[in-house]
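Next come the chains, spelled out residue by residue.
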Amino acid sequence: MRKRSKKNAYTIHQVLFSYRRWRLSSHTGDQSGPWKFAETRVCAVDECSMVSVVLFSSLIECLQKASRLTKVILLGDVLQLPSIDPGNFMEDLFNAFRPDGLALELETNHRSEGS
């Protein structure tokens, strides 16, 4: 993601732990300014089929509370491995959004050798 977008990229857990540390520092009086991700407007989640409902909920909750989030982009393949936690977040969302044209299905394999 970082290489293609030429933007910083982080894991969901990096964002969550950063938020937890920032919140903890606010309670101890050690907070040294705004949260690292306070200016985040767009959140793109790659390999979303492996993200659990609980993990995604935690991510969105902290971004809604402490950032300028306006757009969430979910990338993944509903035919790949699902999260090991209960539920099938990506597939359920894909099936819910497909009738309204809000889910895209690529027809070309972009990971083929030589492309």
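The structure this text deals with has already been given above.
None of these values were measured; they are calculated from a predicted model.

The subject of this paragraph is the side chain of Ser83. Residue position: Ser83 is located in the loop between β2 (71-74) and α4 (89-97). Residue Ser83 is classed as buried on the basis of its relative accessible area, which comes to 11%. A polar contact is formed between the side chain of Ser83 and the backbone nitrogen of Asp85, at a distance of 3.0 Å. Other than its neighbours up to four places away in sequence, Ser83 contacts Ser49, Met50, Val51 and Ser52.

This part takes up unusual backbone geometry. Backbone geometry follows two general trends: most residues other than glycine have a negative phi, and most peptide bonds adopt the trans configuration. Its identity is not glycine, yet Glu47 carries a phi of approximately 55°, on the positive side. Note that Glu47 resides in the loop between β1 (42-45) and α3 (53-66). A residue is classified by how much of its surface remains accessible, and Glu47, at 29% relative accessible area, is partly exposed.

Right, let's get into the nonpolar core. Of all hydrophobic cores here, the largest spans 20 residues; its most connected members are Ile12, Val15, Trp35, Val45, Leu59, Cys62 and Leu63. Mapped onto this core, the elements with two or more residues apiece are α2 (12-28), β1, α3 and α4. For this core, the leading source of residues is α3, giving seven residues. The contact partners of Val45, leaving out residues within four places of it in the chain, are Ile12, Val51, Phe56, Leu59, Ile73, Leu74 and Leu75.

Moving on: the pairing of β1. Walk down a regular strand and you will see the side chains alternate between the two sheet faces. Residues Cys43 and Val45 line the buried face of β1, whereas the alternating positions Val42 and Ala44 sit on a face that is not buried. Crossover β1 to β2 through α3 is right-handed.

Next up on the list: the pattern of salt bridges. One pass over the full model with this rule turns up three salt bridges. Among the ionic pairs, Arg68 bridges to Glu39, the shortest N-O distance being 3.0 Å. Of this pair, Arg68 sits in the loop between α3 and β2 while Glu39 is found in the loop between α2 and β1, placing the two residues 29 residues apart along the sequence. What makes Arg68 partly exposed here is its relative accessible area of 40%. Using a relative accessible area of 56% as the deciding quantity, one classes Glu39 as exposed. The salt bridge involving Glu105 is made with Arg98; its shortest N-O contact spans 3.8 Å. With a relative accessible area of 58%, Glu105 lands in the exposed category.

It is worth spelling out α3 at this point. Under the 1.5 Å per step criterion, the end-to-end length of α3 is 20 Å for 14 residues, consistent within 8% with the ideal 20 Å. Where α3 is concerned, the buried positions are Leu55, Phe56, Leu59, Ile60, Cys62, Leu63 and Ala66. Down the axis of α3, the buried set is contained in an arc of 165°. They therefore lie on one face. Of the exposed residues in α3, those oriented more than 90 degrees away from the buried face are Val54, Gln64 and Lys65. Contacts made by the buried residues of α3 are with α2, β1, β2 and α4.

Thresholds, definitions, all that
- Residues numbered from 1 in each chain as written.
- Predicted model: local features only at pLDDT ≥ 70, side-chain atom pairs only at ≥ 80, totals over all residues.
- Heavy atoms only, no water.
- Helix = DSSP H or I, 4+ residues; strand = E, 2+ residues; numbered from the N terminus.
- Buried < 20%, exposed > 50% of the residue type's maximum accessible area, 1.4 Å probe, protein only.
- Polar contact = N/O pair within 3.5 Å; in protein donor to acceptor, adjacent residues only side chain to side chain.
- Contact = heavy atoms within 4.5 Å.
- Core = buried A, V, L, I, M, F, W, Y, C linked by side-chain atoms within 4.5 Å.
- Right-handed = clockwise from strand over helix to strand, strands pointing away.
- Salt bridge = Lys/Arg side-chain N within 4 Å of Asp/Glu carboxyl O.
- Expected span 1.5 Å × (residues − 1).
- Arc of directions from axis to C-beta.

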